[in-house]
Amino acid sequence: MILVTGGAGYIGSHAVLALLETGHEVLVLDNLCNSSRLSLDRVALLTGRQPRFIEGDVRDGALLDELFQRWPITAVMHFAGLKAVGESVREPLRYYETNVAGSITLCQAMARAGIFRLVFSSSATVYGESVSMPIREDCPTGIPTNPYGQSKLMAENVLKALADSDPRWSIALLRYFNPIGAHESGLIGEDPNGTPNNLLPYMLQVAVRRQPQLSIYGGDYATHDGTGVRDYIHVMDLAQGHICALERLGRSAGVSVWNLGTGQGYSVLEMVRAFEQITGRALPYRIVARRPGDIAQCWADPSKARVELQWNAERDLHAMLADAWRWQLSNPQGYQHEQAPQAVMVG
Ligand code: NAD
Ligand code: UDP
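The present account deals with the structure reproduced in this document. What you see is a predicted model; the values in this text were computed from it and never measured. Within any chain, residue numbers begin from 1 and follow the written order of that chain's sequence. Going through the entries in the order they are written, you letter the chains from A and number the ligands from 1. With pLDDT at 70 or above as the cut-off, local features in this predicted model cover only qualifying residues; side-chain atom pairs require 80 or more to be listed or tallied, and sums for whole chains, interfaces and linings still use all residues. Side-chain measures were taken over the full set of non-hydrogen atoms in the model, leaving aside hydrogen atoms and water.

## Examining the packing of helix 1 (residues 10-21) against helix 8 (residues 235-249)
Then comes step 1: Angles here are taken between N-to-C directions and fall from 0 to 180 degrees, while the axes themselves are lines fitted to C-alpha atoms, restricted in helices to the stretch in contact. We count a stretch as a helix when DSSP gives it H or I for four or more residues in a row; a strand needs E for two or more, and each element gets its number in order from the N terminus. Packing of helix 1 against helix 8 leaves a shortest axis separation of 8 Å and a crossing angle of 60°. The angle between helix 1 and helix 8 falls in the class oblique. The hand of the helix 1/helix 8 crossing is right-handed. Packed against helix 1, whose contacting residues are Y10, I11, H14, A15, L17, A18 and L19, the element helix 8 presents V235, M236, L238, A239, I243 and L246 at the interface.
Then comes step 2: Classifying every residue of the contact of helix 1 with helix 8 by side-chain character gives 12 nonpolar, 1 polar and no charged. Any angle that is under 35 degrees is reported as roughly parallel, and any over 145 degrees as roughly antiparallel; angles of 65 to 115 degrees are reported as roughly perpendicular and all others as oblique. In this scheme, a crossing is called left-handed if the near helix is turned counterclockwise away from the far one by less than a right angle; it is called right-handed if the turn is clockwise. Note on definitions: a residue-residue contact is assigned when non-hydrogen atoms from the two residues lie within 4.5 Å. Side-chain classes are defined by residue name, with Ala, Val, Leu, Ile, Met, Phe, Trp, Tyr, Cys and Pro counting as nonpolar, Asp, Glu, Lys and Arg as charged, and the others, Gly among them, as polar.

As structure tokens, then:
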């Protein structure tokens, strides 16, 4: 059985689905601070199997001890964490406490229970402003410009030191690039609280007129069209990367770092044009000042994961946008939507 912390959230729920589909038993621990239980009901609908769910906090060591005693858990996927950059600037202690101290509490409980296999959600943000593109795993980590990024880098360093101290640990640090999209059914997807910060969730809300227009942060970057370039990856490809990493953990000790990206960068303007084409809706935008802390460009060299995990991102930008749009149309209010969602055809 795999313990999935944060398994009701955006990426976690897609990983739970992928785990169930590959035959794993799953126990989800989530305090629902940024998610809904309904995501797991939808996963059950899709897989025909209901993941076990415990509402609780990853910082609660006694609860973790109880779970590890009660269930035959052999490995942990650790998604639970806070991820809003702006909020992390305003509430740094909450971010360090959840993302760093929460990871430490989890590892302490795992060690007490004799469980040493961990897949950790890290981020390309740990590279900071990398000088060379594409980014390989051996590029030095940078200085993240906000407490969220710092907390991910700190957690990585804690996990590296832990694995160095005890050869029983086998830990995967998965550095995600920009996860977008949704399961192709449109039944599970990203359900941001309040006004979205990330590009695609914001574009989706503009397209359904919940926001008047998109602000493009900066048109004067040293990129081919002046707007920021990122490596967007389909959340189902990302979920599959976790399955591959989990399988690999059974075979090697120590810490391994893998980039999960496609290796292909798209600018904000390219995203807008592709989105308009797929949805058939005009996306009003204006170019405004750069967002503080943003970097010009960032894309992965995913070859290490390809070679070592036999993993490859298979879905293209069209699939990412079409699947996100299907999720948005079927669930205009996210999981708060009362009615069962209708199937929606997207071109
Ligand atoms: P999300 O907010 O949808 O999921 C996180 C889940 O963790 C939520 O369900 C939330 O309720 C839960 N949670 C938060 N604090 C908790 C706690 N103390 N105890 C138990 N549960 C708790 O976010 P996501 O996009 O699915 O991200 C998952 C992980 O991936 C996070 O660690 C995030 O930092 C990391 N990550 C995300 C992105 C991205 O762009 N989405 C990029 C890189 C890394
Ligand atoms: N972006 C934008 N307008 C928005 C949100 C994002 O122009 O409302 C840009 C942002 O400057 C970056 C890209 O879109 O170049 C991706 O931003 P996002 O916040 O989704 O991810 P990040 O790479 O910053 O983590």
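## Section: the pattern of salt bridges
Then comes step 1: A carboxyl oxygen of Asp or Glu within 4 Å of a side-chain nitrogen of Lys or Arg is what we treat as a salt bridge. Overall, the coordinates contain 16 salt bridges when judged by the stated rule.
Then comes step 2: When the shortest N-O distance is used, the salt bridge between E25 and R49 registers 3.1 Å. Residue E25 is found in the loop between helix 1 and strand 2 (26-30), and its partner R49 is found in the loop between helix 2 (38-47) and strand 3 (52-55); the two are separated by 24 residues along the sequence.
Then comes step 3: Burial classes follow relative accessibility: with a 1.4 Å probe on protein chains only, a residue under 20% of its type's maximum area counts as buried, one over 50% as exposed, and anything between as partly exposed. The class of R49 is partly exposed, set by a relative accessible area of 26%.
Then comes step 4: Between D220 and R290 there is a salt bridge, and its shortest N-O distance comes to 3.0 Å. Separated by 70 residues along the polypeptide, D220 in the loop between strand 8 (214-217) and strand 9 (229-230) and R290 in the loop between strand 13 (285-288) and strand 14 (297-298) bring together distant segments of the chain.
Then comes step 5: Residue classification places D220 among the exposed residues on the basis of a relative accessible area of 54%.
Then comes step 6: Taking relative accessible area as the criterion, R290 reaches 43% and is therefore assigned partly exposed.
Then comes step 7: Here the salt bridges share partners, and the residues they tie into one network are D57, R59 and E97.

## A closer look at unusual backbone geometry
Then comes step 1: With an omega of -5°, the peptide bond between M133 and P134 qualifies as cis.
Then comes step 2: Here the phi dihedral of R209 falls at roughly 65°; this positive angle occurs in a residue that is not glycine.

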